Structures are given as structure tokens and as C-alpha cells.
Amino acid sequence: FQTIRFILGDQLTPSLSSLKDADPDRDLIVMAEPHHEATYVPHHRQKIVMILSAMRHFAAELRDSGFHVEYFDYQERPTTSFTDALKAALSEHGIKKVIITEPGEWRVKHEIDRWSEDLDISVEMRADDRFFAPLSAFADFAKDRKELRMEYFYRGLRRDTGILMEPDGKPVGGQWNFDHDNRKSLPDDVTPPSPKTFAPDKITQGLLDRVCDDFPDAMGDVASFGWPVTRKDALEALDHFIKHRLAQFGDYQDAMTVKSATLYHSLISPCLNTGLLLPDEVCRAAEKSYHEGKAPLNAVEGFIRQILGWREYVRGLYWYLGPDYGSDNHFDAKRPLPGFFWDGEVPMNCLKQAIGETLENAYAHHIQRLMVIGNFSLLAGLDPKEVCDWYLAVYIDAFEWVELPNTFGMALYADGGKMASKPYAASGKYIDRMSDYCKDCLYNPRNNTGKDACPFNALYWHFLDRNADKLGNNPRLGMPYRNWARMKDDKKRDLIAQADAFLRKLDDGKFDDGKFDT
Ligand code: FAD
Ligand code: DLZ
Ligand code: SF4
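Quick caveat, the model's predicted, so the values are computed rather than measured.

## Focus: the overall build of the protein
Part 1 of the argument: Scanning the protein for helices and strands turns up 23 helices and 5 strands.
Part 2 of the argument: Taken over C-alpha atoms, the radius of gyration comes to 24 Å for the protein, in line with the 24 Å a tight globule of 518 residues would show.
Part 3 of the argument: Split into buried and exposed, the 518 residues of the protein put 46% on the buried side.
Part 4 of the argument: Across the protein, contacts joining residues at least 24 apart in sequence account for 75% of those joining residues at least 6 apart.

This is the structure:
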């Protein structure tokens, strides 16, 4: 063999740039399950199983198409790092050249950047073209702009791709954004259909049987595992979503309910992020459903906006802002992550539901991630690094390029507004409006102080008050700051005391019976 084609665990795409001109006679495929990749955060067990199973299936498919694959699995051929695996393959086959597609995080990129010098080989790193926009497009967009907002990047990509565009260059339906239609709570008599799940095959079951013993520091339950692990599964999952869920996706996009952990969401993020599905085919399938009259525009635009808009935008932002993005701490938030993030034992029902479902399924939908867990972390002043590491560990779809901007930038505003124009801070009244969580909670979302007051309410004002120097001039927060200024002093004092009492209990680890005195 003349060249190694090194394939990473989130690069499971036959049309990958590093595979484009690969020849089974000349090129050796190398894939690895290094110890470090499974342990740099205590990943959810379902995440480890999904990635390793999908990798093993992909390797088998490459072998079926004639390639020789050197596969360093963690059981039979254990390695510590990608470098370690590459070294073994290089010396076994006497090869001096490696081709690889750029990885999904700075940490791995820095590791690969050392290969040429440290191993005395030639390394060709190719662009990852499985996105709509090359990285240079984001740099062009960012040039001369004061604010890097998603909406304008998204509109540019709508024009470039023609997705949901009229021939005259106008957006289909005459408007770019249907968000105002997409904020319904779920009516009592509506029950979302179950998502498509996939019974574990032999490869997946073998991993499920071993994961608890072999990765003792990993977290989360394995019982509910039903994730796609092959391209075939992924296409079925997409088809099922388009047929059975897309039409309601828009209406209930921001809703939360104890009745369903997934509502009408697509659950395709792990497939997109590992390369089992490509964003273009997903958006085109949704667009087709609209043109065939099977799903309304608010649903289809809302769904496409997540992929062509948010997903492309956060990827551009991650690479544009450089490897130090994630080291700021705009609000100087220092509170350690409470223990209930790891066991879901918390009396606040919204957190119990969102964290509990996360631990059970390695999944929570966007509004749970943003407006329940993220909102709590923001208001309670949790340390951004600890929060980001938690998100990177627990979600089936968590790779740093997408996890970090969402958590650090969008949910925590720890970047001081590089991503979001204001913090996504909200009181319990928002959660009550968008969910049925409060009905079964010890607390009352309408009360701000007193024993049964929803903790989010006082925390919301505490957050605004303690950060008034950093947020007071933000025009998008004019209204709440005016309300705060108009409030009577004794009411303000009560709210601050209520929040302080809650935070003291949190710090003392006593937040387990759900009762506290002001
Ligand atoms: P759907 O609601 O069906 O959306 C369709 C697709 O759109 C998703 O599969 C995803 O690929 C894309 N998408 C939606 N929202 C976003 C977004 N904000 N950024 C990027 N892509 C988006 N998404 C990840 O893929 N990995 C993460 O690690 C991740 N961490 C997050 C952390 C926080 C704090 C927040 C608020 C959001 C995070 N998201 C992350 C975005 C979003 O919550 C998930 O993509 C979504 O919940 C995945 O479920 P789904 O496939 O059912 O999504
Ligand atoms: C997250 C992860 C895990 C758990 N395991 C592997 C693995 O065994 N092999 C692999 O190539 N990648 C794995 N990954 C993904 C990497 O940590 C990392 O996010 C990607 O390589 C970035 O492109
Ligand atoms: Fe969450 Fe407050 Fe509602 Fe309880 S009352 S579920 S803590 S928002």
C-alpha cells in the first residue's frame, strides 16, 4: 500500500473527501477506537455504543467493497490515541503518506497537525465537504460584520442552494421565518407518535453487553438503546420522520411534555453528525414533502432552518472563533455542577424530566437543553466549563464543533454575546406556558417568593440584578430591566433573599427534599 486513508468516528460517509479517489489496491484504510476518545469526558454509554457500532459497520462495508481496513478495536487491538494507532499501521505497512478529512474538533486537529513532523510522514488534510458551506464562506460572512447572527447566514445559504426559494429569488411563502407559528404548547388530547427505533444487531448487542464493564466511568442507561447504526437504518429513520412527524414539527417545535421525550423531533442528529446522513439529502427530503403537499411550510421551513441555518452557522462559528472559544467566562460564573446532573434526583419537575430523560436516552430535545437545563445553568451561575463538559458527555449527538457554540454561546452566554444577541434567560412562567411539567411539580410557577415558589422565578431576577453592569444596556433586555427598576424595594429584597436561600441550599448539597425557607 502507498497511502493510509485515516477515517474518524464521525466520518462514516462513503463520499467523504478523504475517500474520494481511494483505490483498494493502493490505499489502506485505518480506523481506531482509542482509549482517549472514549474517556476524554465520561460519555453516555449509548453514545459510545452508537459510535463504535456505526464505525464497525462502516468498516465492514468498506471491506465488502474491496478495501483492506486496519481496524484498531478497543478489545483486540487497544490503542491510547489516534497517533498511537497510526504509528502501528505505518510501521506494519511501511507507508509514508496519510490522507485524512479535517476532524470535528480543535483537540483532534492539533493532534493531527503534529503527525507530519513527529512521524516524519506526509499528511494531506482535506476539507470536510459534507456541509453546505465551506469554512471560507463563514469567514466571508463574518468579515466586516459587527454581529454574527444566524438569520443572515441562513438566508445566504437559502439563496446559494435554492432550497425553499422561488425562481425570482424570493423565499417560498413570501417570508423567511415562521417562528411565530412554531411556539404552540402541546394540547392535552394530542399524543406524539413513537419515533422509529432499531433493535440491536449482533455488533451493537456485543457492545451493549460490554460497555458497562469496559467503560466504568461512562454514564447513563443502555436499556432504551434503539439508535440507527448504519446508513440503511439512518435512511429509514429519516423516512419515518418525514412521513410521520415532520408535518407537526413546526407547531410543537418548542413544546415540552411528560407524555413524550421526543415530541415531533427528528432524532437524526447522531446520523448527521457521524455522517450516516448528509444535510443536503435531509433538507431536500423535507422540501419535497412540502411541494407534495404533505407537510405545511411552517414545519418544513422550521426544520430546514435547524439544519441549513443553525447547524451550518454553529459549525462556521466554532472554527471561525478559534481554539480558545470556550475559555471565556463572561459572567464569572463559578458554581460547581450540582450532583443531580448525574442522577436526575431533583425536586424541580422540569429538571427532573429533562435530566432524567437525558440519562435514560442520551437525548433531550432542543427546548429541554436550552430552556430547562441551560436556562437553569445560566441563572444559577454554574461554571461554563463544567456545564459544557457535561453536555459533551451526555448527548448522543455531542461533538465539540456543535456542542460548544450551543452550550457556551447560546445557552450560557459565556462568550459575552458573540453568538446570541441576549441570554436565553426565562422564569418558570415560560416553562409553564410551553410544558405540562409544572402541574406535577412541588413548586408553583405563579409564585415568586415563599415556600412553594418556583425557583426559576427568583433566580431570573437575581441573574438580571447581579449582572446589571453587563446586561443593563442590552436593548433586547430593556423591558425586564424597566420592570425591575419599577419594582418596590421590599419586593426586590424578598426576591433576592429567596434566590440566595435557594443558591445556599444548592451549594450545601441540601437540595434534595425540595423545601427551603427564605
Ligand atoms: P430536530 O429538532 O429534529 O432538528 C433537526 C436537526 O437540526 C438536528 O438533528 C440537528 O442536526 C439540527 N439542529 C437543530 N438545532 C440545532 C442547533 N442549535 N445547532 C446545530 N444543529 C441543530 N446538537 C447537536 O447535534 N450536538 C450537540 O452536542 C448539541 N448540543 C446542544 C447543547 C445545547 C445547550 C443546546 C441548546 C442545543 C444543542 N444542540 C446540539 C442542538 C439541538 O438541541 C440538537 O441538534 C437537537 O436537539 C437534536 O435532536 P433532533 O435530531 O431530534 O433535532
Ligand atoms: C466520541 C468518539 C468516541 C466515543 N469514540 C471514537 C472512536 O472510538 N474512534 C473515533 O475515531 N472517534 C471517536 N469519537 C469521536 C472523536 O472523539 C472525535 O470527536 C472525532 O474524531 C472528531 O472528528
Ligand atoms: Fe420547573 Fe418551576 Fe415548573 Fe417546577 S414549577 S416544573 S421548577 S418551572
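Past the structure itself, the notes keep going.
## Description of the sheet that holds strand E1 (residues 3-6)
Part 1 of the argument: Here 5 strands make up an open sheet; going across it, the order is E3-E2-E1-E4-E5 and the pairing parallel. What marks the edges here is a single partner per strand, and that holds for strand E3 (68-72) and strand E5 (122-126). Taken over all neighbouring pairs, the strand axes of this sheet differ in orientation by 25° on average, direction set aside.
Part 2 of the argument: Pairing of E1 with strand E4 (residues 97-101), which is carried by 3 bridges, proceeds in the parallel orientation.

## Let's talk about the environment of Glu124
Part 1 of the argument: When you line up the elements, Glu124 lands in strand E5.
Part 2 of the argument: For the pair Glu124 and Tyr481, spaced 357 residues apart in the sequence, the C-alpha separation amounts to 53 Å.

## Topic: unusual backbone geometry
Part 1 of the argument: Even without being glycine, Asp144 reaches a positive phi, approximately 65°.
Part 2 of the argument: Its place among the elements puts Asp144 in the loop between helix H6 (135-142) and helix H7 (150-161).
Part 3 of the argument: A positive phi angle is found at Leu267, which is not glycine, with a value near 60°.

## Let's talk about the site of ligand 1
Part 1 of the argument: Not every one of the 27 residues close to ligand 1 is listed here, only the nearest: His265, Ser266, Ser269, Gln306 and Glu403.
Part 2 of the argument: Among the elements of the structure, helix H11 (269-274), helix H13 (297-320), helix H16 (366-379) and helix H18 (400-411) are those that each provide at least two residues to the shell around ligand 1.
Part 3 of the argument: Sorting elements by how many residues they give to the shell around ligand 1 places H18 first, with 6 residues.
Part 4 of the argument: Of the residues contributing to the shell around ligand 1, the split by class is 13 nonpolar, 10 polar and 4 charged.

## Some points on the site of ligand 2
Part 1 of the argument: Residues in close proximity to ligand 2 total 16 residues, the closest being Leu8, Gly9, Glu33, Pro103 and Gly104.
Part 2 of the argument: Elements supplying a minimum of two residues to the shell around ligand 2: helix H1 (35-39) and helix H2 (45-64).

Parameters at a glance
- Residues numbered from 1 in each chain as written.
- Chains lettered and ligands numbered in written order.
- Predicted model: local features only at pLDDT ≥ 70, side-chain atom pairs only at ≥ 80, totals over all residues.
- Helix = DSSP H or I, 4+ residues; strand = E, 2+ residues; numbered from the N terminus.
- Rg over C-alpha atoms; globule rule 2.2 N^0.38 Å.
- Buried ≥ 20, exposed ≤ 12 C-beta atoms within 10 Å, placed from the backbone.
- Contact = placed C-beta atoms within 7 Å.
- Pairing = 2+ DSSP bridges.
- Axes fitted to C-alpha atoms, helices over the stretch in contact; angles between N-to-C directions.
- Near = placed C-beta within 6 Å.
- Nonpolar A, V, L, I, M, F, W, Y, C, P; charged D, E, K, R; others polar.

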